[in-house]
Amino acid sequence: MSQKENVNPTVYAAQQQTRRDCLADIDDEESFEPFDAEEIFELIRNIKDPEHPLTLEQLNVARVDQIFVDDAKSTISIYFTPTVPHCSMSTLIGLGIRVKLGRSLPRRFKVDVRIQPGTHSSEEQVNQQLGDKERVAAALENRHLLGVVNKCLSGVEG
């Protein structure tokens, strides 16, 4: 990453972080405590952007109103908004969200991570990559790529 695509991103104020009680039981695979969009947002809000020392929340890439949870069906859909329509880091951001939730949520959840419609010039291609389990697994086998993802997740609680 020699040059940043978005040298001066708009920075948004972070909300007051609230730690929800049911996150404490997240390691219990038998637990069927209901999850909601706010809890999922708590898990991803502090993921760092690959280009900037800012969080996905501060860049308005991740927002609670773009998270849809159907706890009864164990499905979560997350839409994220890249800071620029040609962002080459979009796949990496989506991968970071998938990895964080995969490490944090009970296995019963199927997580779908996608670009907010109309916000990226390669939306369809990025969504295909993020939705393909084999591509995601292959990406995570790449040590360098996994290192970048882990760096984005470093210091993220939850």
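Note that the structure is predicted; figures quoted are calculated from it, not measured.

### A short note on the sheet that holds strand β1 (residues 67–70)
For step 1, the next point in the chain: Taking strand neighbours across the sheet as the criterion, the 3 strands line up as β1-β2-β3 in an open arrangement whose pairing is mixed. The two strands at the open ends of the sheet, each matched to only one other strand, are β1 and β3 (110–115). Put simply, the sheet's adjacent strands are angled 10° from each other on average, direction ignored.
For step 2, the next point in the chain: Bridge analysis of strand β2 (residues 75–80) against β3 gives 6 bridges, and the strand direction is parallel.

### Side note on unusual backbone geometry
For step 1, the next point in the chain: Although it is not a glycine, N60 sits at a positive phi angle of roughly 65°.
For step 2, the next point in the chain: With respect to the helices, strands and loops of the structure, N60 is situated in the loop between α1 (37–44) and β1.
For step 3, the next point in the chain: For N60, a relative accessible area of 23% puts it in the partly exposed group.
For step 4, the next point in the chain: Located in the positive-phi region is S74, a residue other than glycine, with phi close to 55°.
For step 5, the next point in the chain: With respect to the secondary-structure elements, S74 resides in the loop between β1 and β2.
For step 6, the next point in the chain: Taking the relative accessible area as the measure of exposure, S74 reaches 11% and is therefore buried.

### With respect to the packing of helix α2 (residues 90–104) against helix α3 (residues 123–131)
For step 1, the next point in the chain: Here α2 crosses α3 at 30°, and the two axes come no closer than 10 Å. Comparing the axis directions of α2 and α3 gives the class roughly parallel. The element α2 and its partner α3 pack so that their crossing is right-handed. On α3, the residues that touch S90, T91, G94, L95 and R98 of α2 are V126, Q129 and L130.
For step 2, the next point in the chain: Among the residues forming the contact of α2 with α3, the class breakdown is 3 nonpolar, 4 polar and 1 charged.

### Points about the pairing of β2
For step 1, the next point in the chain: Burial along β2 is one-sided: the face carrying I76, I78 and F80 is buried and the face carrying T75, S77 and Y79 is not.
For step 2, the next point in the chain: Relative to β2, β1 runs antiparallel, the two sharing 4 bridges. When the sheet's bridge partners are listed, V69 is paired in β2 with I76.
For step 3, the next point in the chain: Counting the residues between successive antiparallel strands, the hairpin from β1 to β2 contains 4 residues, one of them, S74, with a positive phi of roughly 55°.
For step 4, the next point in the chain: Where the polypeptide runs from β2 across α2 and back to β3, its parallel neighbour, the crossover connection is right-handed.

### A few points about the pattern of salt bridges
For step 1, the next point in the chain: Overall, the coordinates contain 5 salt bridges when judged by the stated rule.
For step 2, the next point in the chain: The closest approach of N and O atoms between R108 and D71, which form a salt bridge, is 3.2 Å. Residue R108 is located in the loop between α2 and β3, and its partner D71 is located in the loop between β1 and β2; the two are separated by 37 residues in the primary sequence. Judged on exposure class, the residue R108 and its partner D71 are both buried.
For step 3, the next point in the chain: Sharing partners across several salt bridges, the network here consists of E42, R45 and E57.

### A look at the confidence of the model for the protein
For step 1, the next point in the chain: Confidence in the prediction for the protein averages 87 pLDDT; 82% of positions are at 70 or higher.
For step 2, the next point in the chain: At the level of individual helices and strands, the protein shows its lowest average pLDDT in helix α4 (residues 133–141), which scores 94, and its highest in β2, which scores 98.
For step 3, the next point in the chain: Scored below 50 in pLDDT, residues 19–26 makes 17 contacts in the model with residues more than four places away or belonging to other chains.

### Points about the environment of V84
For step 1, the next point in the chain: By secondary structure assignment, the location of V84 is in the loop between β2 and α2.
For step 2, the next point in the chain: Residues V84 and N6, spaced 78 residues apart in sequence, show a C-alpha to C-alpha distance of 6.9 Å.

Cut-offs and rules
Residue numbers run consecutively from 1 along every chain, following the written order of its sequence. Totals for whole chains, interfaces and linings use all residues, but because this is a predicted model, local features are given only for residues with pLDDT of at least 70 and pairs of side-chain atoms are given and counted only at 80 or more. Only hydrogens and water are set aside; all other atoms, that is, all heavy atoms of the structure, feed into the side-chain values. Whether two strands pair comes down to DSSP finding at least two bridges between them. Here a helix means four or more residues in a row that DSSP labels H or I, a strand means two or more in a row labelled E, and each is numbered from the N terminus. In this analysis an axis means a line fitted to C-alpha atoms, helices contributing only their contacting stretch, and an angle means the value between N-to-C directions, from 0 to 180 degrees. The rule is simple: take the accessible area with a 1.4 Å probe, protein chains only, and divide by the maximum for that residue type; under 20% is buried, over 50% is exposed, in between is partly exposed. In this scheme, roughly parallel covers angles under 35 degrees and roughly antiparallel covers those over 145, while 65 to 115 is roughly perpendicular and the rest are oblique. Note on convention: near helix rotated counterclockwise from far helix by under a right angle means a left-handed crossing. Clockwise means right-handed. By definition, residues are in contact when any of their heavy atoms lie within 4.5 Å. Residues were grouped as follows: Ala, Val, Leu, Ile, Met, Phe, Trp, Tyr, Cys and Pro as nonpolar; Asp, Glu, Lys and Arg as charged; and all remaining residues, including Gly, as polar. Whether a crossover is right-handed depends on one test, that the path from the first strand over the helix to the second runs clockwise when the strands point away from the viewer. One side-chain nitrogen of Lys or Arg within 4 Å of one carboxyl oxygen of Asp or Glu is enough to make a salt bridge. Every residue carries a pLDDT, the predictor's confidence in it, which falls somewhere between 0 and 100.

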